[in-house]
Amino acid sequence: AACKMHPLACFLAAWLILTDTMFIGVSRIHLNDMVQMLFIASTHFLGIFICAPPVGRPIGSTLRGVALIGACGLCIACALQSKFAMALTTLGWLGLQNIVYLAQMLSRRYPASMILVEAAVRGVLLLGIPVIL
């Protein structure tokens, strides 16, 4: 879709990075940098999907969309737990993308109740999961 990659190919790449200890062995000084880069890259990958311009029903109103938003929240939470300062720019990028998404919903004349529900779902999952972890 957005990256022109099949989701299974992305999952396979993520799994290989997580399971290959060579990356952690090479990065002896900053032991968790590679793992954190995986979470930051996953956040960007999922962020592209959840912040695509709305067409039809908003993504937060479907079960698949809520799962994608929750997975994105979990990835940013893990990145923030690994090293707080490195993931702050990703958190800012994700916040700006969500503001743009909600503005696009507003410009396409979605009902106010639908926009508020979408904002609440995104706020709870993208900010609530990192706060809980």
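Residues numbered from 1 in each chain as written. Predicted model: local features only at pLDDT ≥ 70, side-chain atom pairs only at ≥ 80, totals over all residues. Heavy atoms only, no water.

### Concerning the packing of aromatic side chains
Across all of its chains, the model carries one aromatic pair by this definition. Here the aromatic rings of Phe45 and Phe49 are separated by 5.0 Å at their centres, their planes lie at 80°, and the arrangement is edge-to-face. In this pair, Phe45 and Phe49 both sit in helix 3 (residues 33–50), four residues apart, roughly one turn of the helix. Take Phe49: its relative accessible area is 24%, and that puts it in the partly exposed class. The residue whose ring lies beneath Arg122 is Tyr101, and the NZ or CZ to ring-centre distance is 3.9 Å. (Phe/Tyr/Trp six-rings, centres within 6.5 Å; stacked < 30°, edge-to-face > 60°. Helix = DSSP H or I, 4+ residues; strand = E, 2+ residues; numbered from the N terminus. Buried < 20%, exposed > 50% of the residue type's maximum accessible area, 1.4 Å probe, protein only. Lys NZ or Arg CZ within 6 Å of the ring centre and 35° of its normal.)

### Looking at the pattern of salt bridges
For the structure shown, the criterion picks out one salt bridge. For Arg122, the salt bridge identified is with Glu118, shortest N-O distance 2.8 Å. Of this pair, Arg122 and Glu118 both sit in helix 6 (residues 112–132), four residues apart, which is roughly one turn of the helix. When sorted by exposure, Arg122 lands in the same class as Glu118, which is buried. (Salt bridge = Lys/Arg side-chain N within 4 Å of Asp/Glu carboxyl O.)

### A look at the layout of surface pockets
Roughly 250 Å³ of volume is contained in the second largest pocket. Forming the boundary of the second largest pocket are 16 residues, of which Phe49, Ala52, Pro53, Ile59 and Arg64 lie nearest the centre. Contributing elements (two or more residues each) for the lining of the second largest pocket: helix 3 and helix 4 (63–82). Residues of the lining of the second largest pocket, tallied by class, amount to 12 nonpolar, two polar and two charged. (1 Å grid on protein atoms, 1.4 Å probe; cavity = no way out; pocket = protein on both sides within 12 Å on 5 of 7 lines; lining within 4 Å. Points joined across faces, edges and corners; volume = space filled by probe spheres on them. Nonpolar A, V, L, I, M, F, W, Y, C, P; charged D, E, K, R; others polar.)

### Concerning the side chain of Glu118
Here Glu118 falls in the buried class, since its relative accessible area comes to 2%. Look past the residues within four positions of Glu118 in its chain and what remains in contact with it is Pro58, Ile59, Gly60, Ser61, Ile69, Tyr101, Leu102 and Met105. (Contact = heavy atoms within 4.5 Å.)

### Section: unusual backbone geometry
A negative phi holds for most residues other than glycine; trans holds for most peptide bonds. Phi at Arg109 is positive, roughly 60°, even though this residue is not glycine. Looking at where Arg109 falls in the secondary structure, it is placed in the loop between helix 5 (84–107) and helix 6. On the accessibility criterion, Arg109 (74% relative accessible area) is exposed.

### As for the nonpolar core
In summary, soluble globular proteins display a tendency toward joint burial of nonpolar side chains. Membership of the largest hydrophobic core comes to 16 residues, with the highest contact counts inside it found for Ile50, Ile59, Ile69, Cys72 and Leu126. If near-sequence neighbours (up to four positions away) are discounted, Leu126 is found in contact with Ile50, Ile69, Cys72, Gly73, Ile76, Leu94 and Asn98. Residues Ile40, Ala79, Leu80 and Ala87 belong to the second largest nonpolar core, which totals five residues. (Core = buried A, V, L, I, M, F, W, Y, C linked by side-chain atoms within 4.5 Å.)

### Concerning helix 6
Look at helix 6: 29 Å from first C-alpha to last across 21 residues, which is about the 30 Å you get at 1.5 Å a residue. Burial in helix 6 covers these residues: Ile115, Glu118, Val121, Arg122, Leu125, Leu126 and Pro130. For helix 6, the secondary structure elements touched by its buried residues are helix 3, helix 4 and helix 5. (Expected span 1.5 Å × (residues − 1).)

### Some points on the confidence of the model for the protein chain
On average, residues of the protein chain carry a pLDDT of 84, and 86% of them reach 70 or more. Highest mean pLDDT in the protein chain belongs to helix 6 (93); lowest belongs to helix 2 (residues 21–26) (55). (pLDDT = per-residue confidence, 0-100.)

### Considering the environment of Ala77
Examined against the element boundaries, Ala77 turns out to sit in helix 4. Separated by 53 residues in the primary sequence, Ala77 and Pro130 have C-alpha atoms spaced 4.1 Å apart. Excluding residues within four positions of it along the chain, Ala77 makes contact with Ile129, Pro130 and Leu133.

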